[in-house]
Amino acid sequence: MGLSPTAGRGPSAARRHRCAWATREPLLSYHDLEWGTPVHDDRLLFEFLVLEGMQAGLSWETVLRKRDAFRRAFARFAPVKVARFTSKDVARLMKDEAIIRNRAKIDAAIGNAKALAVLQKDFGSFDRFVWGFDDKDALSKDLKKRGFRFVGPTIVESFMQAVGIRNDHERGCYRRAELIRARATRPAR
């Protein structure tokens, strides 16, 4: 997160056309370096799923500003470690002022780590599972059926956008074109 979106890209980078929501830091860096870039690492996919759930009812900027604290609090989003969190960990998290202290969201993150472990056994990886969907409603419904929480269609749509399953950069946004070109040069998964 420490990189500026214009770092090392010359003066024209600041004038690039971006999605309308990328107006200031940390949104600019997130937009330019992460949002919509295909993610295939189970740990990072889990991180995005948890963060999207934490964002419900709040701004994404709030979540981004707390992201490092979330990583510390949730064992760098290692699903196996989060799945072993106990009531003592929940109490610790509820006292951590650096994160979003919502009991239902914290419980959902721990439960989702447990559900993810079962899903990985069934499909080999979370990556293989989520990248098999292109519809937010179908993915949301399937995740819920498998015991995941805070995975309604709006949260799942944001997750799919964040991890590159969907390229929802605005038309004219330079990242949209970059991601389309990148997909064209890489074989499908």
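Everything in this summary refers to the structure shown in the same document. (Residues numbered from 1 in each chain as written. Predicted model: local features only at pLDDT ≥ 70, side-chain atom pairs only at ≥ 80, totals over all residues. Heavy atoms only, no water.)

Under the criterion given, the structure shown has 15 salt bridges. In this structure, Arg67 and Glu34 form a salt bridge, with 2.7 Å as the shortest nitrogen-oxygen distance. Of this pair, Arg67 sits in helix H4 (residues 67–73) while Glu34 sits in the loop between helix H1 (27–33) and helix H2 (42–55); the two residues are 33 residues apart in sequence, bridging distant segments of the chain. You can call Arg67 buried: its relative accessible area is 1%. Where Lys136 meets Glu157, a salt bridge forms, and the shortest distance between an N and an O atom there is 3.5 Å. Here Lys136 is found in helix H9 (residues 136–145), whereas its partner Glu157 is found in helix H10 (residues 153–162), with 21 residues between them in sequence. Its relative accessible area of 24% is what places Lys136 among the partly exposed residues. Where salt bridges share partners, they join Glu34, Arg43, Glu47, Arg67, Asp68 and Arg71 into one cluster. (Salt bridge = Lys/Arg side-chain N within 4 Å of Asp/Glu carboxyl O. Helix = DSSP H or I, 4+ residues; strand = E, 2+ residues; numbered from the N terminus. Buried < 20%, exposed > 50% of the residue type's maximum accessible area, 1.4 Å probe, protein only.)

Turning next to the packing of aromatic side chains. The relation between two aromatic rings is expressed through the spacing of the ring centres and the mutual angle of the planes. Here the structure, examined in full by the defined rule, presents eleven aromatic pairs. Residues Phe46 and Phe77 carry aromatic rings whose centres are separated by 6.4 Å and whose planes lie at 70 degrees to one another, so their mutual orientation is edge-to-face. Note that Phe46 is positioned in helix H2 and Phe77 in the loop between H4 and helix H5 (79–83), a separation of 31 residues in sequence. Given a relative accessible area of 0%, Phe46 falls into the buried group. Where Phe70 meets Phe74, the ring centres are 6.1 Å apart and the plane angle is 35 degrees; that geometry is what we call tilted. The exposure classification of Phe70 matches that of Phe74, with both residues buried. (Phe/Tyr/Trp six-rings, centres within 6.5 Å; stacked < 30°, edge-to-face > 60°.)

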